[in-house]
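# Fold and contact review
Letter by letter, the chains look like this.
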Amino acid sequence: MQFNDDWKYNPEFKTDMIKKNYDDSGWEDVRIPHTNAETPYHYFDESIYQFVSCYRKHINVEPEWKGKKVLLTFDGIAHIAKIYVNEKPVISHYGGYTGFTADISSYLDFEGDNILVVEVDSREDNNIPPFGNVIDYMTYGGIYREVSLEIKEPTYIKDVFVTTKEVNNECKSAQITVTLSETENEELTCRYVISGGSGEDKYIISSDLVPMTNQVAEIESMASFVQNWDISNPILYDLEVELYDGERILDKKSLRFGYRTCEFRNDGFYLNNRKIKLIGLNRHQSYPYVGYAMPKRMQRRDAEILKYELGVNAVRTSHYPHSKHFIDRCDELGLLVFTELPGWQHIGDEKWKEVAINNVEEMILQYRNHPSIILWGVRINESIDDDAFYTKTNQVAHKLDPTRQTGGVRYLKKSNLLEDVYTYNDFLHNGKTKGLDRKKDVTSKEEAPYLVTEYNGHMFPTKSFDNEEHRLSHALRHARVMDALFENKDITGGFGWCMFDYNTHKDFGSGDRICYHGVMDMFRNQKLAASVYASQGEEQTVFEISSSMNIGEYPGGAIGSVYAFTNADSVKVYKSGSFIKEFYPDKEQYKYLPHPPIIIDDFVGELMEKQEKMDHKTSEKVKDVLFAVNKYGQNNLPISYKLKMVFIMIKNKWKISDGVRLFTTYIANWGGEITTYRFDAIRNGKIVKSIEKSPVKNPRLLVEADTLYLKEEETYDVAEVRIKAVDDYGNLLSYYQEPLQIQVSGAIKLIGPSTISLRGGTSGIYIRTDGTTGLGKLVIKQEQLGNKELDFVVE
Ligand code: GAL
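So, here's what we can say about the structure. (Residues numbered from 1 in each chain as written. Predicted model: local features only at pLDDT ≥ 70, side-chain atom pairs only at ≥ 80, totals over all residues. Heavy atoms only, no water.)

Let us now look at the sheet that holds strand β42 (residues 709-710). Hydrogen bonds between backbone groups are what pair the strands of a sheet, and the pairing can be parallel or antiparallel. The sheet built from five strands is open, its strands ordered β42-β49-β48-β44-β46 with mixed pairing. Here the strands that pair on one side only, and so sit at the sheet edges, are β42 and β46 (755-757). In this structure, β42 lies alongside strand β49 (residues 788-794), joined through two bridges in parallel fashion. Residue pairing in the sheet places leucine 710 in a bridge with valine 794 of β49. (Pairing = 2+ DSSP bridges. Helix = DSSP H or I, 4+ residues; strand = E, 2+ residues; numbered from the N terminus.)

Time to look at the packing of aromatic side chains. One pair of aromatic rings is described through two measures. These are the centre distance and the angle between the planes. Overall, the coordinates contain 33 aromatic pairs when judged by the stated rule. A centroid spacing of 5.1 Å and a plane angle of 50° characterise the contact between tyrosine 144 and tyrosine 292, whose relative ring orientation is tilted. With tyrosine 144 in the loop between β10 (142-143) and β11 (147-152) and tyrosine 292 in the loop between β23 (278-283) and α1 (296-309), this pair connects stretches of sequence that are 148 residues apart. Judged by relative accessible area, which is 2%, tyrosine 292 ranks as buried. With a centroid separation of 6.2 Å and an interplanar angle of 85°, the aromatic rings of tyrosine 287 and tyrosine 766 are classed as edge-to-face. With tyrosine 287 in the loop between β23 and α1 and tyrosine 766 in strand β47 (residues 762-769), the pair connects residues that are 479 residues apart, well separated along the chain. Here tyrosine 287 falls in the buried class, since its relative accessible area comes to 2%. According to the relative accessible area criterion, tyrosine 766 is buried, its value standing at 1%. Taken together, the ring pairs connect Tyr49, Tyr97, Tyr137, Tyr140, Tyr144, Tyr292 and Tyr320 into an aromatic cluster. When the ring centre of tyrosine 516 is taken as reference, the NZ or CZ atom of lysine 463 above it lies at 5.2 Å. We note arginine 768 situated over the ring of tyrosine 716; from NZ or CZ to the ring centre the distance is 3.7 Å. (Phe/Tyr/Trp six-rings, centres within 6.5 Å; stacked < 30°, edge-to-face > 60°. Buried < 20%, exposed > 50% of the residue type's maximum accessible area, 1.4 Å probe, protein only. Lys NZ or Arg CZ within 6 Å of the ring centre and 35° of its normal.)

Here we come to the packing of helix α9 (residues 616-632) against helix α11 (residues 656-668). Interaxial distance between α9 and α11 falls to 10 Å at its minimum, and their mutual angle equals 75°. Classed by the angle they form, the pair α9 and α11 counts as roughly perpendicular. Note on element contacts: α11 touches α9 through Leu662, Phe663 and Ile667, opposite Val622, Leu626, Phe627, Val629 and Asn630. Within the contact of α9 with α11, the residues separate by chemical class into seven nonpolar, one polar and no charged. (Axes fitted to C-alpha atoms, helices over the stretch in contact; angles between N-to-C directions. Parallel < 35°, antiparallel > 145°, perpendicular 65-115°, else oblique. Contact = heavy atoms within 4.5 Å. Nonpolar A, V, L, I, M, F, W, Y, C, P; charged D, E, K, R; others polar.)

Okay, the packing of α1 against helix α2 (residues 324-333) next. To characterise two packed helices, one gives the angle between the axes of the helices and the distance between these axes. Relative orientation of the contacting elements α1 and α2 amounts to 40°, with a least axis distance of 8 Å. Overall, the two elements α1 and α2 adopt an arrangement that is oblique. Two packed elements cross with a definite hand, and for α1 against α2 that hand is right-handed. Note on element contacts: α2 touches α1 through His325, Phe326, Arg329, Cys330, Glu332 and Leu333, opposite Lys296, Gln299, Arg300, Asp302, Ala303, Glu304, Leu306, Lys307 and Tyr308. Here the contact of α1 with α2 is composed, by residue class, of six nonpolar, two polar and seven charged. (Left-handed = near helix turned anticlockwise from the far one by under 90°.)

Bringing the sheet that holds strand β20 (residues 262-265) into the picture now. Read across the sheet, three strands follow the order β20-β21-β22 without closing on themselves; strand pairing throughout is antiparallel. Each of the sheet's edge strands pairs with one partner strand only, and the pair in question is β20 and β22 (274-276). Across the sheet, the mean angle from the axis of one strand to that of its neighbour is 35°, orientation sign disregarded. Across three bridges, strand β21 (residues 268-271) lies against β22 in antiparallel orientation. Bridged to phenylalanine 269 within β22 is isoleucine 276.

Nonpolar side chains tend to gather and get buried jointly when the protein is soluble and globular. Among the nonpolar cores identified, the biggest contains 65 residues, and Leu281, Leu306, Leu310, Phe389, Val519, Tyr533 and Phe565 are the most heavily contacted of them. Broken down by element, the residue count for this core peaks at nine residues, all from helix α6 (residues 468-487). The contact partners of leucine 281, leaving out residues within four places of it in the chain, are Leu306, Leu310, Val312, Ala314, Val315, Arg316, Phe495, Gly496, Cys498, Met499, Val519 and Tyr533. In terms of nonpolar packing, the next biggest core, distinct from the first, is built from 49 residues, Ile77, Val118, Trp497 and Cys498 among them. (Core = buried A, V, L, I, M, F, W, Y, C linked by side-chain atoms within 4.5 Å.)

Looking now at the pairing of strand β35 (residues 562-566). Buried residues dominate β35, accounting for five of its five residues. Along β35, one buried face is formed by Val562, Ala564 and Thr566 and the opposite face, lined by Tyr563 and Phe565, is buried too. Of the strand pairs in this sheet, strand β34 (residues 543-545) and β35 are connected by three bridges, and their pairing is antiparallel. Bridge pairing in β35 places phenylalanine 543 opposite threonine 566.

This part covers the layout of surface pockets. A volume near 2,000 Å³ is recorded for the largest pocket. Lining the largest pocket are 49 residues, with Lys158, Asp159, Lys253, Leu365 and Gln366 sitting closest to its centre. Top element by residues in the lining of the largest pocket is helix α3 (residues 350-367). It accounts for six residues. Its residues assigned to classes, the lining of the largest pocket shows 15 nonpolar, 15 polar and 19 charged. (1 Å grid on protein atoms, 1.4 Å probe; cavity = no way out; pocket = protein on both sides within 12 Å on 5 of 7 lines; lining within 4 Å. Points joined across faces, edges and corners; volume = space filled by probe spheres on them.)

Time to look at the pattern of salt bridges. With the rule as written, the count across this model stands at 56 salt bridges. Salt-bridge contacts for arginine 722 lead to glutamate 309; the nearest nitrogen and oxygen are separated by 2.5 Å. Of the two residues, arginine 722 sits in strand β43 (residues 718-726) while glutamate 309 sits in helix α1, which places them 413 residues apart along the sequence. Taking the relative accessible area as the measure of exposure, glutamate 309 reaches 21% and is therefore partly exposed. One salt bridge in this structure joins arginine 678 and aspartate 680, with 2.8 Å as the shortest N-O distance. Here arginine 678 falls in the partly exposed class, since its relative accessible area comes to 28%. Taken together, the salt bridges that share partners define one network made up of Arg256, Arg300, Arg301, Glu304, Glu309, Arg329, Glu332, Glu720 and Arg722. (Salt bridge = Lys/Arg side-chain N within 4 Å of Asp/Glu carboxyl O.)

Here the focus is the site of the ligand. All residues in the neighbourhood of the ligand are listed as Asp136, His319, Trp344, Asn381, Glu382, Asn425, Phe427, Glu454, Gly457, His458, Trp497 and His517. Relative to its free-state accessible area of 310 Å², the ligand is covered by the protein chains to the extent of 94%. (Near = heavy atom within 4 Å. Areas by Shrake-Rupley, 256 points an atom, 1.4 Å probe, with all protein chains shown as cover.)

Per the counting criterion, the structure on display carries three cavities of 30 Å³ or more. Counted as a void, the largest cavity has a volume near 60 Å³. Taken together, Tyr41, Ser464, Phe465, Asp501, Tyr516, Asp521, Phe523, Arg759, Thr762 and Ser763 make up the lining of the largest cavity. If you add up the space inside the second largest cavity, you get close to 40 Å³. For the second largest cavity, the full set of lining residues is Thr164, Lys165, Glu166, Lys172, Asn228, Tyr259, Arg260, Thr261 and Asn272. If you tally residues by element for the lining of the second largest cavity, the top one is strand β12 (residues 157-166), at three residues. Taken together, the residues that form the lining of the second largest cavity break down as one nonpolar, four polar and four charged.

As a further point, take the side chain of glutamine 536. Its location among the elements puts glutamine 536 in the loop between α7 (528-534) and β34. In terms of polar contacts, glutamine 536 uses its side chain to reach the backbone carbonyl oxygen of valine 532, at 3.0 Å. (Polar contact = N/O pair within 3.5 Å; in protein donor to acceptor, adjacent residues only side chain to side chain.)

Next up on the list: the environment of cysteine 330. On the secondary structure map, cysteine 330 appears in helix α2. The exposure class of cysteine 330 is buried, given its relative accessible area of 0%. Considered as a pair, cysteine 330 and tryptophan 654 are 324 residues apart in the sequence and their alpha carbons are 66 Å apart. Contact partners of cysteine 330, with chain neighbours within four places excluded, come to Trp229, Ala303, Val315, Leu335, Val337 and Ser372.

Together, Leu708, Tyr709, Leu775 and Val793 make up an exposed nonpolar region whose accessible area comes to about 390 Å². Relative to the helices and strands, leucine 775 is located in strand β48 (residues 774-781). (Patch = residues over 30% accessible without salt bridge, like charges linked within 9 Å, V, L, I, M, F, W, Y side chains within 5 Å.)

Moving on: the environment of serine 207. By the element assignment, serine 207 lies in the loop between β15 (203-206) and β16 (210-211). Separated by 34 residues in sequence, serine 207 and valine 241 place their C-alpha atoms 9.8 Å apart.

See below:
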């Protein structure tokens, strides 16, 4: 049962507040997920959310709860939570990234009022991970993930763990381990039902009653005709376990799982014995304004963006376990997940390590039934070797989940490998150096599997409002490292740093407390580098041109090469309607990428031959010189080109003015007629997408919501609205930075400020439900671009 509504919040905790009769009438009414402090978009520091706050809630205790277990589960509270019921301390929990359950049964008052108080310490406490040093991300605060309440018989199913294996081609087995809460009753039995598919294809297997021994039942379920869970066909099955005392049903527990095997081997990663190169991105769980506090739809949305917009097959949940909603969606989408214990570079004292080990335990117990999770990270991200500590984290992981391997992210080469997979952040590529180090130069055990867990990131921060050259460089760096990932057969895969920009501490980021390392901005708007990832897929046509085709954007007016990031076979280029040339993927420089970028380096093509009646040879020579003049400028033209120029001019009896005319007509185009460039992406001989670029005439707003239908389920719902300024052809206007006024009315509320700016031509807003149903209107006002309206329906 959901337990997210009707909370009272006070940002300043005082011990008096634990008292039952404390007057909380003046407090803020809040719903969970809740951030302890809303933040500005940027230029703020962590003191904004670093304080101890208090949440209170009246519990409506039902008479039927007498003699039962009343269990409250908190999915995530940042970072230390102390739970009190009716003034008595129930439990304290350390660590903001894993859930915990409080058994409040014995604290309830069946005659009077019942008060639940949660004291939330969101300060950076050096006794718990990830704290102890300055961290490259903000850690926020509050009861930021959902809360639920369950009423159980005193003996109930505490845990169900399913693992699967392939028996032979037709038969698969699921091992189901059922563990009960403590009980004296030795006569209990349980049974399971596995179902999947739907309608007539619905598949059901069930068991007879199985005796529980010492509160545990280990059941093997053999099944034929069940399908594997895979990245392209992520079939999930529902498992329901029922607990019986004689005929009486005591408890039920349901979960979803998938039949699949996964293994990192020396030569690659294998899912169901099929080798897959892991191509992924790192994700933080933060959002503008509300930090970590976003409900289900937004958590699921990030998984959808990774799969459908960025086309990756894997994600690393840096640097802590993420929301169950995100992982559930990864299960449904077939997105492979590497998740890890909370921490960043720093290892604390023994007490700190105890919390870390407990966090590993909680992480595995909470997430081990998810088929999408393929590897446990059991080292603090980028920490030094600590054999005693990491021997323990590995032991805990292997004991609680014998089916999955462990890794542990390091920046050290040749460090002690206590895990199954050597996982390493490879920041070798700086734009000039090769894409990746070789496995044998990094790992301490060559026979162990090897995975690259980060690359790029701080090596080249890139804002969506950086100039084109910079944005292109960013994209090319991702392309080069990805090419190296595909080249090195003994690298199981890699995760780029990172999916989107994020707020951070002072030592990182660009001074405004944003780390601009994303292939998307904070609102999940794509930067150019995003299309490098997206274009490696096959499912939908991806076609992005790196330049707006404005020579004034470039030093000396030299655009240089323009890149198409696409999965098309070729690109045909037209200049004001005249065909220039067809270009093909650059398989020379990017030998291993499934879809190398296409370099467009000639915008003259055969135009001079046609329009100036030049023969092909002369046209090529003239182009060569004109391109050189454009690249170097006339003052710095290398002598070889000067000689060529003189030779051509003498041969053709041209005057200086003829050369100038050719240059301005075909290269610089200053003062000429309006030029429209058209780029046609060709796949299997057909035009699959066209992009046109021309001077901007009628800029407009493009507004896209992920949904117009919101629904209150376990808690409030949130929609994401992405906003772009675009030209007549839908091209992003990367330097549009003007303000927008946002108004909402009806059944929706706005998260964040009502005046925002476009940055790099993009922005975003989040709309949330407010507990009512009906219609909600969003109006976005922009003086130059006009207004946009969206109508939402809230159920
Ligand atoms: C890594 C670190 C990440 C992020 C990244 C930036 O060292 O693990 O959290 O800071 O650098 O490139």
